[in-house]
Amino acid sequence: DGGITQSPKYLFRKEGQNVTLSCEQNLNHDAMYWYRQDPGQGLRLIYYSQIVNDFQKGDIAEGYSVSREKKESFPLTVTSAQKNPTAFYLCASSTRDTQYFGPGTRLTVL
Amino acid sequence: AQSVSQHNHHVILSEAASLELGCNYSYGGTVNLFWYVQYPGQHLQLLLKYFSGDPLVKGIKGFEAEFIKSKFSFNLRKPSVQWSDTAEYFCAVNKGKSGGSYIPTFGRGTSLIVHP
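Residues numbered from 1 in each chain as written. Chains lettered and ligands numbered in written order. Predicted model: local features only at pLDDT ≥ 70, side-chain atom pairs only at ≥ 80, totals over all residues. Heavy atoms only, no water.

Colleague: Looking at this structure, how should I read the pairing of strand β5 (residues 33–38) of chain B?
Modeller: Looking along a regular strand, one sees the side chains alternate between the two faces of the sheet. Residue and element names in this part refer to chain B. With 6 of its 6 residues buried, β5 lies for the most part within the structure. Taking every second residue as pointing to the same face, both faces of β5 are buried, with L33, W35 and V37 on one and F34, Y36 and Q38 on the other. Relative to strand β6 (residues 44–50), β5 runs antiparallel, the two being bridged by 6 bridges. Directly across from Y36, in β6, lies its bridge partner L46. Connecting the antiparallel pair β5 and β6 is a turn made up of 5 residues, with G41 showing a positive phi of about 75 degrees. (Buried < 20%, exposed > 50% of the residue type's maximum accessible area, 1.4 Å probe, protein only. Helix = DSSP H or I, 4+ residues; strand = E, 2+ residues; numbered from the N terminus. Pairing = 2+ DSSP bridges.)

As structure tokens, this is what we get:
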């Protein structure tokens, strides 16, 4: 069963703590992406990776970090430097020109 | 910088009404255009896409979109909506190639509520 999995679905953290969101895909896609979705603001690109061991900042990378050690995995760390981390986070992977999305992780920082 | 505008932020319709959601982009080159839909509690999924050829594109669930190059528009239409079309709709435009893949820019989304 091919697809993109994100875990956990809901995540609660205390302010000041770093937290890592998981994203795994078995679609054999080279490219993977992280987006943040806030009400009324659409999807904003945080980071993307075209290939293993390489990644690029998106439009709102400050306060986030990523790694791409395996083709299947692209974890996102929300650091304490992110001013407003409470949001819905979406992971995607793509063929050359079409993206496919995971179910998302809703992060709430208390 | 490229941008994507969705002019209708919230749309409320009754079942059987016709739907048109606007999408305009600002980019002068060749574009790939997409509409994604996010049903309540579900993944964001592709509704339809345009790369080239016939500017009238048919998607899933009776949706279609028309690419009008002179107007930089890619409006989404459905002649008769159903309650199950209640969802958030996003227009996206490929920003341009970075490495081996395109990086799309998304609009802010339109929330559609269909009353039975």
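Colleague: For this particular structure, what's the right way to read the environment of A81 of chain A?
Modeller: Position of A81 of chain A among the secondary structure elements: in the loop between β8 (76–78) and β9 (87–94). Once the C-alpha coordinates of A81 of chain A and A61 of chain A are considered, the two residues, 20 residues apart in sequence, prove to be 11 Å apart.

Colleague: Just to check I follow, could you spell out the pattern of salt bridges for this structure?
Modeller: Residue and element names in this part refer to chain B. The final tally for this structure, using the stated rule, is 7 salt bridges over all chains. One salt bridge connects R77 with E64, and the closest N-O pair in it is separated by 3.3 Å. Placement of R77 in strand β9 (residues 73–78) and of E64 in strand β8 (residues 64–68) is noted, with a sequence separation of 13 residues between them. Classification of R77 as partly exposed rests on a relative accessible area of 22%. The buried category is assigned to E64, whose relative accessible area is 16%. The partner of D85 in a salt bridge is K78, and the shortest N-O contact between them spans 2.9 Å. With a relative accessible area of 2%, D85 lands in the buried category. Residue class for K78 comes out buried when judged on its relative accessible area of 7%. (Salt bridge = Lys/Arg side-chain N within 4 Å of Asp/Glu carboxyl O.)

Colleague: What am I meant to see in the nonpolar core here?
Modeller: Nonpolar side chains tend to gather and get buried jointly when the protein is soluble and globular. The biggest cluster of nonpolar side chains holds 28 residues, and the ones touching the most others in it are W35, L48, F74, L76 and Y89 of chain B. Mapped by element, the contributors of at least two residues to this core are β2 (10–14), β3 (19–21), β5, β6, β8, β9, β10 (87–98) and β12 (110–115) of chain B. Among the elements that take part in this core, β10 of chain B stands out by supplying 4 residues, more than any other. The next biggest cluster of nonpolar side chains, apart from the first, holds 19 residues, and it includes L11, V19, I46 and Y64 of chain A. (Core = buried A, V, L, I, M, F, W, Y, C linked by side-chain atoms within 4.5 Å.)

Colleague: Could you clarify how one ought to interpret the interface of chain A and chain B in this entry?
Modeller: Interface size, as often reported, equals the accessible area lost upon joining of the parts. Across the contact, 24 residues belong to chain A and 22 residues belong to chain B. Across the chain A to chain B interface the summed buried area is about 1800 Å²; carbon plus sulfur atoms make up 50%. The tally of links between chain A and chain B comes to 0 salt bridges. Our count for the chain A to chain B interface comes out at 5 residue pairs in polar contact (both at pLDDT 80 or more). The biggest single contributor to the side of chain A that touches chain B is strand β5 (residues 42–51) of chain A, with 5 residues. The class makeup of the residues in the side of chain A that touches chain B is 11 nonpolar, 10 polar and 3 charged. (Contact = heavy atoms within 4.5 Å. Buried area = accessible area lost by both parts, 1.4 Å probe. Polar contact = N/O pair within 3.5 Å; in protein donor to acceptor, adjacent residues only side chain to side chain. Nonpolar A, V, L, I, M, F, W, Y, C, P; charged D, E, K, R; others polar.)

Remember that the coordinates give geometry; whether it matters functionally is a separate question.
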